[in-house]
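Residue-level structure breakdown
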Amino acid sequence: MNSPPHTVPPPPKNLWFHGLIMLILVLLVNLAQTVLGICAILQFFWMLFTNNRNAGIAWFGQGIAHWLAVTARFLTGESDERPFPWTSWSGPHTD
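Notes on the structure follow.

Thresholds applied
- Residues numbered from 1 in each chain as written.
- Predicted model: local features only at pLDDT ≥ 70, side-chain atom pairs only at ≥ 80, totals over all residues.
- Heavy atoms only, no water.
- Axes fitted to C-alpha atoms, helices over the stretch in contact; angles between N-to-C directions.
- Helix = DSSP H or I, 4+ residues; strand = E, 2+ residues; numbered from the N terminus.
- Parallel < 35°, antiparallel > 145°, perpendicular 65-115°, else oblique.
- Left-handed = near helix turned anticlockwise from the far one by under 90°.
- 1 Å grid on protein atoms, 1.4 Å probe; cavity = no way out; pocket = protein on both sides within 12 Å on 5 of 7 lines; lining within 4 Å.
- Points joined across faces, edges and corners; volume = space filled by probe spheres on them.
- Nonpolar A, V, L, I, M, F, W, Y, C, P; charged D, E, K, R; others polar.
- Phe/Tyr/Trp six-rings, centres within 6.5 Å; stacked < 30°, edge-to-face > 60°.
- Buried < 20%, exposed > 50% of the residue type's maximum accessible area, 1.4 Å probe, protein only.

1. Thoughts on the packing of helix α1 (residues 15-50) against helix α2 (residues 55-75)
Contact geometry for α1 and α2: axes closest at 10 Å, N-to-C directions at 155°. Here α1 lies roughly antiparallel to α2, going by the angle between them. Every pair of crossing elements has a handedness; the one defined by α1 and α2 is left-handed.

Structure below.
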């Protein structure tokens, strides 16, 4: 199978500042994982006692998932788009 070549942007001009942002984001990713775990526990107990899903928790979880995806692309060098808090929080997209 032939896959199309993947283009990677050139290195950032201020590499040290970029590295500082990466360090901050790694810490925020760990915090986001903790918050996501708490949301999962809350959603489980919500479903256990009500037999329904909490739409607010589900929507918030989608927002965290989107942020983690954008952050992962930045941290791995696939994109120079800085995630929240350097840009506005963009929640889950509805199709």
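2. Some thoughts on the layout of surface pockets
Taken as a whole, the largest pocket holds about 170 Å³ of empty space. As for the largest pocket, its lining consists of Leu28, Leu31, Ala32, Val35, Phe60, Ile64, Trp67, Phe84, Pro85 and Trp89. Looking at the lining of the largest pocket, the elements that each hand over two or more residues are α1 and α2. Looking at which element gives the most residues to the lining of the largest pocket, the answer is α1, with four residues. Tallied by class, residues from the lining of the largest pocket come to ten nonpolar, no polar and no charged.

3. Quick look at the packing of aromatic side chains
Two descriptors summarise a pair of aromatic rings, namely the distance from one centre to the other and the angle between the planes of the rings. In total, this model carries two aromatic pairs according to the counting rule given. Ring centres of phenylalanine 44 and phenylalanine 45 lie 5.3 Å apart, and the angle between their planes is 70°; this geometry places the pair in the edge-to-face category. Using a relative accessible area of 47% as the deciding quantity, one classes phenylalanine 44 as partly exposed. The exposure class assigned to phenylalanine 45 is partly exposed, which follows from its relative accessible area of 42%. Here phenylalanine 45 and phenylalanine 49 contribute two aromatic rings whose centre-to-centre distance is 6.3 Å and whose plane-to-plane angle is 15°, an arrangement assigned as stacked. Here phenylalanine 45 pairs with phenylalanine 49, and both are found in helix α1, just four residues apart, close to one helical turn. Note on phenylalanine 49: relative accessible area 66%, which makes it exposed.

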